[in-house]
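An overview of the molecular structure
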Amino acid sequence: MGAFSTSPLRASVRSGEPAAPGGQRMSAILSRIVAWLIFVGGLVGAVLGIAGLRVEITVAGLILACTAGLVLLKLRADAQAG
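Nothing here was measured: the structure is a model prediction, and the numbers come from that model. (Residues numbered from 1 in each chain as written. Predicted model: local features only at pLDDT ≥ 70, side-chain atom pairs only at ≥ 80, totals over all residues. Heavy atoms only, no water.)

Here the focus is the overall build of the chain. For the chain, the count of helices and strands is three helices and zero strands. From first element to last, N terminus to C terminus, the chain shows the α and β order α-α-α. Taking all 82 residues of the chain together, 15% fall into the buried category. Counting only contacts in the chain whose residues sit at least 6 apart along the sequence, the fraction spanning at least 24 positions is 44%. With an accessible surface of roughly 6,400 Å², the chain has 72% of that area assigned to carbon and sulfur atoms. (Helix = DSSP H or I, 4+ residues; strand = E, 2+ residues; numbered from the N terminus. Buried < 20%, exposed > 50% of the residue type's maximum accessible area, 1.4 Å probe, protein only. Contact = heavy atoms within 4.5 Å. Areas by Shrake-Rupley, 256 points an atom, 1.4 Å probe, with all protein chains shown as cover.)

Have a look at this one:
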């Protein structure tokens, strides 16, 4: 049933309205910036954890970096699809 549903963004594109109003575009830019900051912070945390031989810090940094990386990939796929 999910295959037949459409998102509001795609529905607006089909109806001829603008695809990304200013508020949605600003939200996408802000979420992309936050995701990049978390990604870089996770990488820095992982490097500092490795340098200090702290397993917990390294694992937490890698989890943050991987999760933020997946979010960035999702944002990229959504931007290309729209």
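There is more to say after this.
All right, on to helix α3 (residues 55–81) then. Compared with the 39 Å implied by 1.5 Å per residue over 27 residues, the 39 Å span of α3 between its first and last C-alpha is a close match. Those residues of α3 lying buried are Thr 58, Gly 61, Ala 65, Ala 68, Gly 69 and Leu 72. (Expected span 1.5 Å × (residues − 1).)

In this section: the environment of Leu 64. Note on placement: Leu 64 falls in helix α3. We classify Leu 64 as partly exposed; its relative accessible area is 45%. Aside from chain neighbours lying at most four places away, what touches Leu 64 is Ile 38 and Gly 42.

Taken residue by residue, the chain gives an average pLDDT of 84. The fraction at 70 or more is 74%. Mean pLDDT in the chain bottoms out at helix α1 (residues 8–15), which sits at 54, and peaks at α3, which reaches 95. (pLDDT = per-residue confidence, 0-100.)

Before going further, it helps to spend a moment on the packing of helix α2 (residues 22–51) against α3. Running from N to C, α2 and α3 point in directions that differ by 155°, and their axes come no closer than 7 Å. Between α2 and α3, the interaxial angle falls into the category roughly antiparallel. In the crossing of α2 with α3, the sense of the turn from one axis to the other is left-handed. Broken down by class, the residue content of the contact of α2 with α3 amounts to 16 nonpolar, seven polar and two charged. (Axes fitted to C-alpha atoms, helices over the stretch in contact; angles between N-to-C directions. Parallel < 35°, antiparallel > 145°, perpendicular 65-115°, else oblique. Left-handed = near helix turned anticlockwise from the far one by under 90°. Nonpolar A, V, L, I, M, F, W, Y, C, P; charged D, E, K, R; others polar.)

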